[in-house]
Amino acid sequence: MLPFEFGSLILLAALAVMLTAGMLELQTSATAYIIGESHWSKAQQSAADELHRYAASGNPDQLQNARKRLQVPLGDRQARLALEQDPPDLDASRQGFLAGLNAPEDVDRMIRMYRYFHNAPFFRDAVKKWRLGDEGILELQRLGDEMEALRARNGMSAALSDAYQRKILAVDARLKPIELAFSQALIDGTRVLRTTLIGTSVLLFLLIAWIVIIVLRSTLARIRASEGVFRAAFHQAAVGMLRMRSDGQILEANDAICQVLGYPSQQLQGRFLADSLHADDLAEVGGDSGEGIDWSLLERPGEHRFLREDGSIRWLRWTVSKIDAEDNGEQRVFAIFEDVSDSRRLSDEMKYQASHDGLTGLVNRREIERRLRAGIEDARRNDTEHAFLFLDLDQFKLVNDTCGHVAGDQLLRQISGVLMLHMRDNDWMGRLGGDEFAVLLDDTGVDEAMRIAERLRRALSASTFPWEGRKFNVTCSIGIARVTADQVDVGEVLRAADRACYQAKEDGRNGIRVYHESDQAMSRRRDDLAWVVEIRQAIIDGRIVLYAQRIEALNHGPGIRYEILVRLVDTEGEVNTPDRFLPAAERFGEAISIDRLVIAMTLRQLEDHPDHLHALDLCHVNVSAQSIANPDFRLHVVSLLDSSRVPASKLCFELTETAAIGNMTRAREFIDEMRSRGCRIALDDFGSGMASFAYLKNLPVDVLKIDGVFIRDLANNEVDPVLVRSMCEVARSLGKITVAEWVEDRALLEPLRNLGVDQAQGYGIHEPCALDELIDATPILKSAGNF
């Protein structure tokens, strides 16, 4: 019943407030109309006086004053008529009331009262009187207009002037009782509202008082009943509970907290809680005097260590509340405890696992970056210097590939143990991933870091890794980067140490290099890394674009031929040629991504332009050495060809001679797969290798692109023509087409034709342009027969 009683109480209270507010609003509105009537009455009386004088004198100023005074009651009339429209014109009504000199703050409530209560008993009679009064106002307005018209025509005689004065006085006399009746109706209505309000308030007060008495009696009964329930819940609760004095002395303890702390209930009673808190935790929550507990520090739940009777420690989460439960008003403290020792231990284990490498037990990359960030902040704060070492094992892949991952894992654990034996107490070591490790040397300059790095390198070199009867020598390359206040962030330090380590490997492995900003080799690697980032972003942003360079048949063969060339547009809009970014792409494994994108974009362009595709004889697309060596790339190209509408016979994949011979098996697999689908294969830079002719036995290519070194000086020496002729004769005997590269002058075309070259390519024939431009020029090329 209690919720219902409270609801009834709230409902009645709300009803009383709403009724009171409504009654007061109506009274205020009625008062506003009474005040408005006084303005109405004064303006009407003043207008009648001015018209009376105008009838006698004919002074136009008096007529103007009368009309001005009439604007007040006419404004009220405008407001009433606007409200009686369907729908009401509220803006016109508001303007009318303001013209009637009503207070702006009263206008809205006057509008509301007329809209919703104009038919109410206390307001209906007043509205009738208002309408009668408006008739008199309109009559005064009409008399003024008539007198003005008469004077404008022939003037007014004395008799006519007297007649108009009598009419004005008659209207004025008729309006006075109407005005009084309007005010009296509103006053009577206000009295009725006040009486109703008083009666309603008394009735509601009695109802509320009755419900309050019922609620109080019911509440007291429930308090008595709940006290017994609380006692039972206190002692049977699964969580620990204590009731204490404000000084922490325990007055009552339930079974759960007794079991957690290992004390019998009688032994806990009278004991101070501070005696069971761990000393370090007591220091956190203790008062300024060093005695007892400062309860203000425990307003939010907290976790602290508590001592059991046997001296062991348990982690408890506890919440404290202060209550005034005693008759004498003395404050008591009520605390609830939950044993979180197991979850705390699990949390610590999870934190350890999140910050440590599961294989070696060293800190992992995430923790390395956090500690390195702290080292940078320390260098800035204390103006000191640390050293960061990047260690990369030299032959880890050999062990991993020949002996398996189990051996590789064991090797990593052994190396971690060896290196940790030679670490200083204030330094730390972590595993970045794979076979890469990191060491931070605290408060250490470059010279000292070099000595420590040399000690670690020698220790590792002196160790061997035995596995299944075999022994492996283990070495590492180490890069050193300074950690100073000038470092921007963790990434800068990691990149610097990585570059130094990479240079140590480039120098022959099993060495140490210190990163210097001015080091040319490291500067080149830094530039390469910047290009790698730019390449990746350009692929995402669509800033890799296709260019093309035409290949001209020296014997006027049919169809259009060209080689696809790739360009990178940087964020400034500059178009970069491959020699600027492809070396970095090949060095850091991004060439495959570029090759995939270029082939997909080429096929899409050819599909979108069927007329150009029909006129096309052969489109050359370059494939990097990395792509040739990757079986997944070959499968990806096969998938693209199978799903494309471009005939495979329109494509020719170009492989450099060095790329092909670098991985002959993979190159042969790629060539066989592509040729089986109708594609042709070109061997680029032919003749640059030491045994170019010998490789033709094992590489079934269709086109030989003669290296430009044999073409550019063709007219200036006797050796190049002989070599070119021999290449052409071999190619012709094997059924292969030859293409001369680097043709910078069309004057070379005739000599090349005489030497047996089939096609030519170079700036002297066509300067590379966007593939779109070449496609758009297809009709022109066809009409000119310039294939």
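Residues numbered from 1 in each chain as written. Predicted model: local features only at pLDDT ≥ 70, side-chain atom pairs only at ≥ 80, totals over all residues. Heavy atoms only, no water.

### Some details on the pairing of strand β21 (residues 737-740)
The two faces of the sheet receive side chains in turn, since in a regular strand these alternate between them.
And then number 1: Pairing between strand β20 (residues 703-706) and β21: 4 bridges, direction parallel. Within β21, the residue paired with Val 703 across the bridge is Ile 737.
And then number 2: After leaving β20, the chain enters helix α25 (residues 719-733) and then returns to the sheet as β21, a path that is right-handed.
And then number 3: The pairing of β21 with strand β22 (residues 759-760) spans 2 bridges and is classified as parallel. Paired with Val 739 across the strands is Gln 759, a residue of β22. (Pairing = 2+ DSSP bridges. Helix = DSSP H or I, 4+ residues; strand = E, 2+ residues; numbered from the N terminus. Right-handed = clockwise from strand over helix to strand, strands pointing away.)

### So, helix α3 (residues 90-99)
And then number 1: Residues of α3 that are buried include every one of Ala 92, Ser 93, Gly 96 and Phe 97, and no others. Summarising the axial view, the buried residues of α3 lie within an arc of 135°, below the 170-degree limit, and thus occupy one face.
And then number 2: At the C-terminal side of α3, Leu 101 shows a positive phi close to 65°. (Buried < 20%, exposed > 50% of the residue type's maximum accessible area, 1.4 Å probe, protein only. Arc of directions from axis to C-beta.)

### Here's the deal with the pattern of salt bridges
And then number 1: All told, the structure shown has 53 salt bridges when counted by the stated rule.
And then number 2: Measuring nitrogen to oxygen at the nearest pair gives 2.6 Å for the salt bridge that ties Glu 367 to Arg 370. One end of the pair is Glu 367 and the other is Arg 370, both in helix α11 (residues 365-382) and 3 residues apart, which spans about a single turn.
And then number 3: Taking relative accessible area as the criterion, Glu 367 reaches 11% and is therefore assigned buried. (Salt bridge = Lys/Arg side-chain N within 4 Å of Asp/Glu carboxyl O.)

### What about the packing of helix α13 (residues 405-421) against helix α14 (residues 446-461)?
And then number 1: Axis separation between α13 and α14 bottoms out at 9 Å; the angle between their running directions is 135°. The pairing of α13 with α14 is recorded here as oblique in orientation. You can see that α13 and α14 cross each other, and the crossing is right-handed. Where α13 abuts α14, its residues Ile 415, Val 418 and Leu 419 lie against Leu 456, Ala 459 and Leu 460.
And then number 2: Residue composition of the contact of α13 with α14, by class: 6 nonpolar, no polar and no charged. (Axes fitted to C-alpha atoms, helices over the stretch in contact; angles between N-to-C directions. Parallel < 35°, antiparallel > 145°, perpendicular 65-115°, else oblique. Left-handed = near helix turned anticlockwise from the far one by under 90°. Contact = heavy atoms within 4.5 Å. Nonpolar A, V, L, I, M, F, W, Y, C, P; charged D, E, K, R; others polar.)

### Quick notes on the pairing of strand β6 (residues 386-393)
And then number 1: Within β6, 8 of the 8 residues are buried, which leaves it mostly tucked inside the rest of the structure.
And then number 2: Taking every second residue as pointing to the same face, both faces of β6 are buried, with His 386, Phe 388, Phe 390 and Asp 392 on one and Ala 387, Leu 389, Leu 391 and Leu 393 on the other.
And then number 3: Where β6 meets strand β11 (residues 476-483), 8 bridges bridge the pair, whose relative direction is antiparallel. Residue pairing in the sheet places Ala 387 in a bridge with Arg 482 of β11.
And then number 4: Of the strand pairs in this sheet, β6 and strand β8 (residues 436-441) are connected by 6 bridges, and their pairing is antiparallel. For Leu 391, the partnering residue across the bridge sits in β8 and is Phe 437.

### Considering unusual backbone geometry
Negative phi characterises most residues that are not glycine, and trans characterises most peptide bonds.
And then number 1: With an omega of 0°, the peptide bond between Asp 86 and Pro 87 qualifies as cis.
And then number 2: Looking at the element boundaries, Pro 87 is found in the loop between α2 (60-83) and α3.
And then number 3: For Asp 383, which is not glycine, the phi dihedral falls at a positive 55°.
And then number 4: Note that Asp 383 resides in the loop between α11 and β6.
And then number 5: On the basis of relative accessibility, which here comes to 68%, the residue Asp 383 falls in the exposed class.
And then number 6: Even without a glycine there, the phi angle at Glu 468 is positive, about 50°.

### Quick notes on the nonpolar core
And then number 1: In this structure, Tyr 562, Phe 653, Met 674, Val 724, Val 743 and Leu 752 are the most contacted members of the largest nonpolar core, which totals 75 residues.
And then number 2: Here this core takes 8 residues from helix α18 (residues 591-608), the largest share from any one element.
And then number 3: Setting aside residues no more than four positions away along its own chain, Met 674 makes contact with Arg 634, Val 637, Val 638, Leu 641, Phe 653, Cys 679 and Ile 681.
And then number 4: Core analysis: the next-biggest nonpolar cluster, separate from the first, contains 39 residues, Leu 74, Leu 83, Trp 130 and Tyr 164 among them. (Core = buried A, V, L, I, M, F, W, Y, C linked by side-chain atoms within 4.5 Å.)

### Description of a nonpolar patch on the surface
And then number 1: Taken together, the side chains of Ile 198, Val 202, Phe 205 and Leu 206 present a nonpolar region at the surface, about 420 Å² in accessible area.
And then number 2: Locating Phe 205 in the fold gives a position in helix α6 (residues 158-236).
And then number 3: Taking relative accessible area as the criterion, Phe 205 reaches 57% and is therefore assigned exposed. (Patch = residues over 30% accessible without salt bridge, like charges linked within 9 Å, V, L, I, M, F, W, Y side chains within 5 Å. Areas by Shrake-Rupley, 256 points an atom, 1.4 Å probe, with all protein chains shown as cover.)

### Some thoughts on the side chain of Thr 444
And then number 1: Looking at the secondary structure, you find Thr 444 in the loop between β8 and α14.
And then number 2: Here Arg 424 takes part through its side chain, which lies 2.5 Å from a polar atom of the side chain of Thr 444.
And then number 3: Each residue touching Thr 444, except ones within four places of it in the same chain, is listed here: Glu 385, His 386, Ala 387, Arg 424 and Ala 449. (Polar contact = N/O pair within 3.5 Å; in protein donor to acceptor, adjacent residues only side chain to side chain.)

### A short note on the sheet that holds β6
And then number 1: The mixed open sheet is built from 5 strands, whose spatial order is β7-β8-β6-β11-β12. Of all the strands in the sheet, the pair left with one neighbour each is β7 (428-433) and β12 (512-514). Taking each pair of neighbouring strands and ignoring which way they run, the sheet shows an average axis angle of 20°.
And then number 2: Where α14 meets the sheet, it contacts β6, β8, β11 and β12, and its direction lies at approximately 160° from that of β11.

### Some words on the packing of aromatic side chains
And then number 1: For the structure shown, the criterion picks out 8 aromatic pairs.
And then number 2: Relative to Phe 337, the ring of Trp 318 has its centre 5.5 Å away and its plane inclined at 10°; by these criteria the two rings are stacked. Of the two residues, Trp 318 sits in strand β4 (residues 313-323) while Phe 337 sits in strand β5 (residues 332-339), which places them 19 residues apart along the sequence.
And then number 3: Judged by relative accessible area, which is 3%, Phe 337 ranks as buried. (Phe/Tyr/Trp six-rings, centres within 6.5 Å; stacked < 30°, edge-to-face > 60°.)

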